[in-house]
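Architecture and fold: a report
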Amino acid sequence: MEQPHAVIVGAGIGGLTAAVALHRTGWRVTVLERAASLEPVGAGISLAPNAQRALDVIGLGDEVRALAAWQGDGGLRAPGGRWLSRTDSDAAARRFGGPLVLLHRATLAGLLSSRLPDGAIRTGEDASLADPGDAGRPAVVTASDGEIEADLVVGADGIHSAVRRALFPGHPGPAYAGFTTWRVVTPAPVGPFAPHETWGRGRLWGTQPLKDGRIYAYAAALAPAGSRAPDDEKAELLRRFGTWHAPVPGILAAITPGDVLRHDVHHMTDPLPAHHRGRTALVGDAAHAMAPSLGQGGNQAIEDAVVLAHHLASGRPDTASALAAYTRDRLPRTTAVVRRSASAARLFMLTAAPAVALRDVGIAAVSRFAPGALLRGFDGIADWRPPVRTYAAQTERTNRTSQEAQ
Ligand SMILES: Cc1cc2nc3c(=O)[nH]c(=O)nc-3n(C[C@H](O)[C@H](O)[C@H](O)COP(=O)(O)OP(=O)(O)OC[C@H]3O[C@@H](n4cnc5c(N)ncnc54)[C@H](O)[C@@H]3O)c2cc1C
């Protein structure tokens with residue numbers, strides 16, 4: 001039988017994971033990426049046990065954990081430095097079956113790309129969906145050298161996905177979430193520090209260590225959509241966070257202005273009617289962009305990719321039934337995570353002094369008298385398990401069955 005061919009539009013976390021997962025289940029994969037080279041944004045990404053378990057399925061979980069720093073110890077602070085709550089990575093690991101880990105995006109992208117055959121990723125390709133295909137005809141993608149027919153197209157082209165617009169032209173798409181974000185990776189400028197997230201009035205700052213000793217810092221603040229600093233984003237961060245507790249001022253002093261990434265946050269509060277049409281499926285932000293407040297956007301993209309490949313693995317039903325099963329699995333879950341991320345974002349967006357004081361007292365009280373309650377915010381998310389064991393285990397089972405049959 002001829003090897004089925006999947007064309008993946010976009011080489012972000014979702015696209016690369018989908019390519020690796022499909023490749024492992026016997027698909028020929030072509031990844032078309034618009035950027036001239038694979039240079040992932042200079043930022044960290046946290047992976048909760050749910051995404052790590054998905055990566056275990058494609059044989060990458062252990063390597064990711066080895067390359068990452070644990071992200072569980074630390075806590076939540078107020079801008080003056082007072083600890084509102086302390087978190088404990090052991091408690092999180094006990095509750096969810098593993099720790100939360102943080103690694104540089106480039107590390108994750110490099111690891112995923114290394115598992116693809118030479119030539120599978122084509123950069124500098126601004127691809128578009130010409131036809132989503134159906135049971136009787138292939139899907140078609142337009143690339144620089146003409147049209148490519150495919151048994152499957154995966155739209156992994158991110159938040160402003162053109163593949164999504166082609167599949168669901170009537171959908172309103174993502175809406176501005178009301179806040180903007182900054183991210184930067186910087187050499188550690190300060191001595192030892194406790195990882196923290198600090199919540200102020202409509203503002204948030206986080207400092208987390210990377211395994212190689214550098215620091216990943218991120219911030220968020222209410223702002224009109226599209227606004228940018230009149231000078232540079234380092235100066236903007238200094239204005240907004242320069243008086244916050246250590247190590248924030250030390251990190252700010254060490255930042256190179258050009259390294260600061262700024263992105264307004266858009267999310268899809270209206271879910272799509274499906275995550276596929278014809279022979280074309282959507283993964284990651286293209287399907288369900290969400291606020292970063294629970295750090296789940298990339299995690300959900302990884303889950304999508306592994307579940308998609310599971311339904312499309314050889315020996316499964318035809319592509320149409322497999323994609324319908326994919327939508328059935330993923331749409332309710334990702335819709336719930338988008339909503340929970342939006343609710344979590346509303347907490348740091350509070351600006352009225354009485355509401356902020358009440359929030360902080362509440363968090364401190366819960367942390368003191370019912371510490372498990374804070375972790376419960378991740379119940380139903382971080383405890384997710386993939387619908388399939390690792391392919392190694394699957395192959396073992398298949399071998400055993402065929403030996404028994406002989
Ligand atoms: C401040 C912030 C912090 C975050 N922190 C976390 C975190 O800690 N953990 C987490 O899980 N998530 C986090 N997220 C969310 C996460 O970044 C996204 O959910 C994730 O990157 C989505 O991956 P993706 O592959 O779907 O899309 P993207 O990463 O956006 O990749 C899409 C790719 O498609 C390419 N592309 C677009 N159009 C075309 C085209 N026409 N042809 C070819 N290629 C195309 C783009 O160039 C890009 O490479 C955070 C987000 C923000 C803003």
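All chains use their own residue numbering, which begins from 1 and follows the written sequence. Only residues with pLDDT of 70 or above have their local features reported here, since the model is predicted, and side-chain atom pairs are shown and tallied only from 80 upward, although totals for entire chains, interfaces and linings are computed over all residues. Just so you know, side-chain values use all the structure's heavy atoms and leave hydrogens and water out.

Right, let's talk about the site of the ligand for a bit. Around the ligand, the surrounding shell holds 28 residues, and the nearest of these are Glu-33, Arg-105, Asp-285, Gly-298 and Asn-299. A distance of 2.6 Å separates an oxygen atom of the ligand from a polar atom in the side chain of Glu-33. Throughout this description, a polar contact denotes any pair of N or O atoms lying within 3.5 Å of each other; where both atoms belong to protein, one of them has to be capable of donating a hydrogen while the other can accept it, and for residues adjacent in sequence the pair is counted only when both atoms sit in side chains. Between the ligand and Gly-297, the relevant distance is 3.5 Å, taken from an oxygen atom to a main-chain nitrogen or oxygen of the residue. What sets the accessible areas is the Shrake-Rupley method with a 1.4 Å probe; for residues, cover comes only from the shown protein chains. Look at the ligand: alone it shows 1,000 Å² of surface, and the protein chains cover 84% of it. Helix and strand definitions here come from DSSP, where helices need a minimum of 4 consecutive H or I residues and strands a minimum of 2 consecutive E residues; each element is numbered from the N-terminal end. Counting only elements with at least two residues in the shell around the ligand, the list comes to helix 1 (13–24), strand 2 (28–33), strand 3 (44–47), strand 13 (175–186) and helix 10 (297–312). We call a residue near a molecule or strand whenever a single non-hydrogen atom of that residue lies within 4 Å of it.

Summarising the sheet, strand 5 (residues 74–77) and strand 14 (residues 196–199) pair through three bridges and their orientation is parallel. Bridge pairing in strand 14 places Gly-75 opposite His-196. With four bridges connecting them, strand 14 and strand 15 (residues 203–209) associate as antiparallel partners. Looking at strand 15, one finds that Trp-199 is bridged to Leu-204. We treat two strands as partners when DSSP finds at least two bridges between them. Between the antiparallel neighbours strand 14 and strand 15 lie three residues, among them Gly-202 with a positive phi of about 65 degrees.

Each nonpolar core is a collection of buried residues, namely Ala, Val, Leu, Ile, Met, Phe, Trp, Tyr and Cys, held together in the definition by side-chain atoms within 4.5 Å. Think of it in three bands: residues with accessible area under 20% of the maximum for their type are buried, residues over 50% are exposed, and the middle band is partly exposed, with areas taken using a 1.4 Å probe on protein chains only. With 48 residues, the main nonpolar core has Leu-22, Val-29, Leu-47, Leu-108 and Val-154 as its most contacted residues. Every residue pair with non-hydrogen atoms within 4.5 Å of one another is taken to be in contact. Beyond its immediate sequence surroundings of up to four residues, Val-29 is in contact with His-5, Ala-6, Ile-8, Ala-19, Leu-22, His-23, Leu-116 and Ala-120. Ile-148, Ala-150, Leu-272 and Ala-286 belong to the second-largest nonpolar core, a separate cluster that totals 21 residues.

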